[in-house]
Amino acid sequence: MGSVDEDGSQQPLVGAAGKEQIKRLMSMGKPKQVIENFRNDNSLDMPAADAVYTLLDSLGHTRREVHQKALESIIIAAQNQIQRETFSYDKHMEFLAKIRHYLEVPQLQHLPLLLLAKQPQFIPDDIFQSIRSSPELYEKCNFSIKRQLWHQDHELFRQHILPLIKKYASDEGLTVMSREISGNMAGAFTLKRRESGLLMDIVNAIEGDLRLYMQTLGMVREQFIETNDPTMGTLRLDLVMAMHNKGLSDITGDDICYGLAWPLDACIIKQLMDSRRVLELQKYFDRIDRDSAPYGEIALILCSPYSRHVLAQYILSLLIEIPLGSGFSYRTSEWKWPSLMLTMGLLAHNLTLQDQPEIPKINSKMTRKFFEGLQKYIEESRARSGPTQDNDGMRKRARLGLQDSPRSDTVVTMELSENKPSEDMIAFLESKELARQVLYAFLVKCAERLDFGMINTWVSAIGNMVPTILGGADKLVEGVIGVGVFQDSPVQPKVDLEYQINAFELDAFVQSLVSNINGNNKAIAANLNSICREMDKQQSDEVDGIDAPLVQLLIQTSKVRHAAHELTIAFLTSSTQLLVADFNTEHNDLGSANSGVIDNKESAVHLSSYRKKVLVKQH
């Protein structure tokens, strides 16, 4: 479809150029003659076309309708030809020259785009500029065209990927999963995480393009440097494993962290760091050149909460296996190696910032002293909960980082330990996130075993050190509303970059405790009864002043962390629901007081009323 210009060349009457051509012809005078000439020049080019027109005119079909149907048939034929045939370079460019003008016509744009997608390496510069300058046209391009454009314009690729990375980091569902310290659901979480639409959008954009993959890793690293968000560590791990799962060996072969990610990911999914995987991880570090090792990139993968949690559980399992009083000398290499890896993950931000990062040093003497002290509490908790299997079975579960679910007749333990944490252990906890990570893992295991007495022994100390964990009390005052979590929803104070992982793990610890309590009626009832007894002792209506370790931990963390505030509401909600069920059950069949019965319903009702106040204040 076109007109013959003054020089005899055929000019297509499409897009902006076509409109201008028609305006020019109509402005030359004799519009009826122009229309007649246009009709003659652009009628159907087929035998007996005039007879067909006459017949269709007599049947009441308009020329517009006839031409529309003809155009649809031509488009389908052209589309089939483009999809079916493989063109040489010359034929490709010849065909492109004929239909490139259709890029200006929305109804026909897909034809040149379909041709360009077959051989995107042949996109002419002027077409590249046309697509680049038209957001609507750019959005209609498939990934094969976009990747070619991205190779020429890194900023264009950045505009596509960076929003996806930020959405991945802010996805609350992914964040909640990563805050569960206990590894019981780690395998399911990993599968669910890798089916995330956000991750798939990033992976599909990269496909098998090594250059785009490396650029994406660079943007993940930039975001991590900017935010110190451990979620970026998870994304870094997920990206290399996504390439592995797609069988893209060209990419994984060039990713120097693949040898770390693959065995580590297997440990995370199975929650098992057996001797084979440990040896593979150790060999990975032995193979890399210490003078030019990408410790920043390695630390980023180790910074993932999933990586750190499995390492903390592994260290805990080693402590469980050491017979009490036998000393640590013969196991030093076993716990020192995962402690070093965990420390690298915790210091990932600093290591990523350094041009030539080095493996950090850990204070083996202090670490050993803390672990020796913690081992005594581990033995005490095991004794209090009672043996459930022989030593081999216990050792196997410890390696898995799991414990059997409590039996239905297991009693909730609420008695505090007679051994209070020493000043040295508290000091080490205040200064080292490594120690807190292992302690968090231990206390979550205590929650699984319903040993809340051991938890209460420690949570008071953890609550008191919340300001230190988050960077100092003076930095947490600004922005806090009210004096208690139960009265007001707090405005979360800003935590400096260097304390972001500390803050994340504090949220994770509170979430893991509350989720373990809320998942077991016996645990809810025992903790609620314990809190109510403290209320009765103090004869106070102010919940904030209750001298109950769990309450104080929730109050102290909820004042400065939104996640803890929401978890406090979740705990109160579960308590209220159990209380309602207890009231509505005429013949309570839940068993003893440790099986879900509320001892003091009046105090429990008083406590539960605070949940309503919190929810009303929030809205």
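Structure: above.
Remember, it's a predicted structure, so these values are computed and weren't measured experimentally. (Residues numbered from 1 in each chain as written. Predicted model: local features only at pLDDT ≥ 70, side-chain atom pairs only at ≥ 80, totals over all residues. Heavy atoms only, no water.)

Enquirer: So, the nonpolar core: which residues are in play, and what are the values?
Expert: With 160 residues, the main nonpolar core has I131, L239, I298, F442 and F509 as its most contacted residues. Sorting elements by how many residues they give to this core places helix α26 (residues 433-448) first, with eleven residues. (Core = buried A, V, L, I, M, F, W, Y, C linked by side-chain atoms within 4.5 Å. Buried < 20%, exposed > 50% of the residue type's maximum accessible area, 1.4 Å probe, protein only. Helix = DSSP H or I, 4+ residues; strand = E, 2+ residues; numbered from the N terminus.)

Enquirer: Give a description of helix α6 (residues 110-118) that names residues and reports values.
Expert: The set of residues buried in α6 consists of L111, P112, L113, L115, L116 and A117. If you follow the buried residues of α6, they end up packed against α4 (63-84), α5 (89-99), α7 (125-133), α8 (135-140) and α9 (143-152). (Contact = heavy atoms within 4.5 Å.)

Enquirer: Could you give me a rundown of the environment of N184, with the residues and numbers involved?
Expert: The topology assignment puts N184 in the loop between α11 (172-178) and α12 (186-194). Here N184 falls in the partly exposed class, since its relative accessible area comes to 45%. With 85 residues separating them along the chain, N184 and I269 place their C-alpha atoms 9.7 Å apart.

Enquirer: Just give me the short version of unusual backbone geometry, but keep the residues and values in it.
Expert: Phi is positive for N228, close to 55 degrees, though the residue is something other than glycine. Relative to the elements of secondary structure, N228 occurs in the loop between α14 (210-227) and α15 (231-245). On the basis of relative accessible area, N228 is assigned to the buried category, the value being 3%. Of note in the backbone geometry, L450 takes a positive phi value of approximately 65 degrees without being a glycine. Mapped onto the fold, L450 is located in the loop between α26 and α27 (452-464).

Enquirer: A description of the packing of α9 against helix α10 (residues 154-170) should follow, citing residues and the corresponding values.
Expert: Two elements in contact, α9 and α10, have axes separated by 5 Å at closest approach and are oriented at 125 degrees. One element, α9, and the other, α10, form an angle in the oblique class. From α9, F143, L149, W150 and Q152 reach across to α10, where they touch H154, L156, F157 and H160. Of the residues belonging to the contact of α9 with α10, the class tally is five nonpolar, three polar and no charged. (Axes fitted to C-alpha atoms, helices over the stretch in contact; angles between N-to-C directions. Parallel < 35°, antiparallel > 145°, perpendicular 65-115°, else oblique. Nonpolar A, V, L, I, M, F, W, Y, C, P; charged D, E, K, R; others polar.)

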